[in-house]
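As a plain string of letters, each chain reads:
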Amino acid sequence: MLRSVIIVFLITTLAVACSSTGESSETEKSIEESSISAQDEAPIEEDAEVSMDLGEFVTASDMVAKRERYAALLLSDGRVLAVGGRGLGIGTLIATMHETAELLDPETLEWTSTGSMAEGRRSPAMVELEDGRVLVAGGLLPTKFTTDTAEIWDPTQGTWTTVAPMARTRDGMGAVRLPDGRGMVVGGKMDGKMIGTLEKSEIYDAGSDTWIEAEPMSEKRINHTVTLLSDDRVLVTGGGKEDGPYSKTVEIYDASTDTWIEAAPMTVSRSFHTATLLEDGRVLVIGGRGKKMTAELYDPVADAWSSAGETEIARAEHKATLLQDGRVFVTGGLGNLAESEIYDPVAGTWSTSSSLNIGRYRHFTLLLSNGRIVTFGGIGADGILASSEVLD
């Protein structure tokens, strides 16, 4: 009898123990599954804007003169040429329009003078010709009248020579070197209320020292962009009238046939924006007057635009510079912006970057042949600038 009672007790205890172990295992499994499920269902946060710091801007040598609305470009020999522009005024009627030019040495980062043009001019067009000489045309004179005059700078002598004038006076035009080496000016503004903004273009032939009238655009434009595409055609975006309304229309010029075609329009009207040719052949358009933060990409093969997101800060009269790794570095803008941003066309993202020491607009930012990035001139909180900054 006693033996039977003991056997029943042991069987009952073992059953309870097994049941408890099973419940504990199921409970742990349930908790684990609940945790995994919660992770799967949790909303995925968008990547926060990450700083893509290129280093710090450091102060470099000042330019020889304070300049805004000047022309500048990276020469084929690696130096930087800056020409004309407005300097400190001497009155309300007569402005200081520089006739001087200066060169930046990419190694020493020192600026030196390189002769003077026959006329001081603001907002001139400037193109490096196939033989290394530089064509400068048009612009606004100290008398505040636009000019049709043109001059050529010789890099071997550092001297200027007057060449044939354009067919009409121009200011605020775009310019580009065509694949055949000729220089082209597009649009702009003439003097006079009855004439105003232009749809006309001209091409300079250095061999014959003549300007050739090109087929006009379908729309009059000032403060637009002019970009040479990978297929050798010329893309023109935005602009419009000087004080608005601005335009969102786009046109493409084919020099081989002297014809313009209307391309797909941008999503918004833009003026004083930038257009940068990317390594894959697309064009990145950023900002513009009217506190625009939007950016968009043009695909010339598909003739279509797509969104490129938004900059952190609205930008106009800024600069967008293509970097060696294919990203685009954006500096300055109206409001004396010091903040910089980078667009990555592969990831399709924007990120903050190195800030300027002096916020500015109407400046230039160029990538030098040695990999340095230099920003110079423009307008800051203290007025027209001669200061330069560099990222090594």
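In case you missed it, the structure is sitting above this.
Residues numbered from 1 in each chain as written. Predicted model: local features only at pLDDT ≥ 70, side-chain atom pairs only at ≥ 80, totals over all residues. Heavy atoms only, no water.

Asks: Lay out the overall build of the protein in plain terms, naming residues and giving numbers.
Replies: Within the protein one finds one helix and 30 strands. In the protein, buried positions account for 49% of the 392 residues. Relative to all contacts within the protein whose residues are 6 or more apart in sequence, the contacts with residues 24 or more apart total 49%. (Helix = DSSP H or I, 4+ residues; strand = E, 2+ residues; numbered from the N terminus. Buried < 20%, exposed > 50% of the residue type's maximum accessible area, 1.4 Å probe, protein only. Contact = heavy atoms within 4.5 Å.)

Asks: Go over the packing of aromatic side chains with me, naming the residues and quoting the values.
Replies: Going through the model one piece at a time under the given rule, you end up with nine aromatic pairs. Ring centres of Tyr343 and Trp350 lie 5.0 Å apart, and the angle between their planes is 50°; on these two criteria the pair is classed as tilted. Here a set of aromatic residues connected by ring pairs shows up, and it is made of Tyr70, Trp111, Phe364 and Phe376. The ring of Phe364 carries Lys319 above its face, with NZ or CZ at 4.7 Å from the centroid. (Phe/Tyr/Trp six-rings, centres within 6.5 Å; stacked < 30°, edge-to-face > 60°. Lys NZ or Arg CZ within 6 Å of the ring centre and 35° of its normal.)

Asks: Quick rundown of the side chain of Glu251? Include the residues and the values.
Replies: With respect to the helices, strands and loops of the structure, Glu251 is situated in strand S16 (residues 250-254). Engagement of the side chain of Glu251 in a polar contact is seen with the backbone nitrogen of Glu219, the distance being 3.3 Å. Side-chain polar atoms of Glu251 contact the side chain of Arg221, separated by 2.9 Å. (Polar contact = N/O pair within 3.5 Å; in protein donor to acceptor, adjacent residues only side chain to side chain.)

Asks: Summarise unusual backbone geometry; cite the residues concerned and give the values.
Replies: With an omega dihedral of 0°, the bond running from Gly244 to Pro245 counts as a cis peptide bond. Residues other than glycine seldom take positive phi values, yet Asn223 does so here, at roughly 60°. Structurally, Asn223 is set in the loop between strand S13 (210-214) and strand S14 (225-228). Note on Asn223: relative accessible area 14%, which makes it buried. Positive phi outside glycine occurs at Lys291, with the angle close to 55°. Relative to the helices and strands, Lys291 is located in the loop between strand S19 (283-286) and strand S20 (294-299). A relative accessible area of 77% means that Lys291 is categorised as exposed.

Asks: Before we move on, can you summarise the sheet that holds strand S9 (residues 159-163) with the specific residues and values?
Replies: Reading across the sheet, the four strands line up as S6-S7-S8-S9 and stay open at both edges, with antiparallel pairing between neighbours. Each edge of the open sheet carries a strand with a single partner, namely strand S6 (125-128) and S9. Within the sheet, the average angular offset between the axes of one strand and its neighbour, ignoring direction, is 25°. Pairing of S6 with strand S7 (residues 134-137) involves four bridges; the strand directions are antiparallel. Looking across to S7, one finds that Glu128 is bridged to Val134. (Pairing = 2+ DSSP bridges. Axes fitted to C-alpha atoms, helices over the stretch in contact; angles between N-to-C directions.)

Asks: I'd like to hear about the sheet that holds strand S12 (residues 201-205), residue by residue, with values.
Replies: Taken in spatial order, the four strands line up as S10-S11-S12-S13 in an open sheet, and their pairing is antiparallel. Edge positions in the sheet fall to strand S10 (174-177) and S13, since each of these pairs with one other strand and no more. Adjacent strand axes in the sheet meet at a mean angle of 25°, parallel and antiparallel pairs treated alike. With five bridges connecting them, S12 and S13 associate as antiparallel partners. For Asp205, the partnering residue across the bridge sits in S13 and is Thr210.

Asks: For the pattern of salt bridges, give the residues involved together with the corresponding values.
Replies: Two side chains that carry opposite charge are able to pair once their charged atoms sit near each other. Scanning the model with the defined rule gives 23 salt bridges in all. Here Glu317 ties to Arg289 by a salt bridge, and the two come within 2.7 Å at their closest N and O atoms. With a gap of 28 residues between them, Glu317 in the loop between strand S21 (304-310) and strand S22 (319-322) and Arg289 in the loop between S19 and S20 connect regions that are remote in the sequence. (Salt bridge = Lys/Arg side-chain N within 4 Å of Asp/Glu carboxyl O.)

Asks: How would you summarise the pairing of S12 if you had to cite specific residues and measurements?
Replies: With four of five residues buried, S12 lies mostly within the body of the structure. Looking at chain direction, strand S11 (residues 183-186) and S12 are connected through four bridges and run antiparallel. Residue Val186 lies in a different strand from S12, and its bridge partner there is Ser201. Two successive antiparallel strands, S12 and S13, enclose a turn made up of four residues, where Asp209 displays a positive phi of approximately 50°.

Interpretation in functional terms is not warranted from these geometric data alone.
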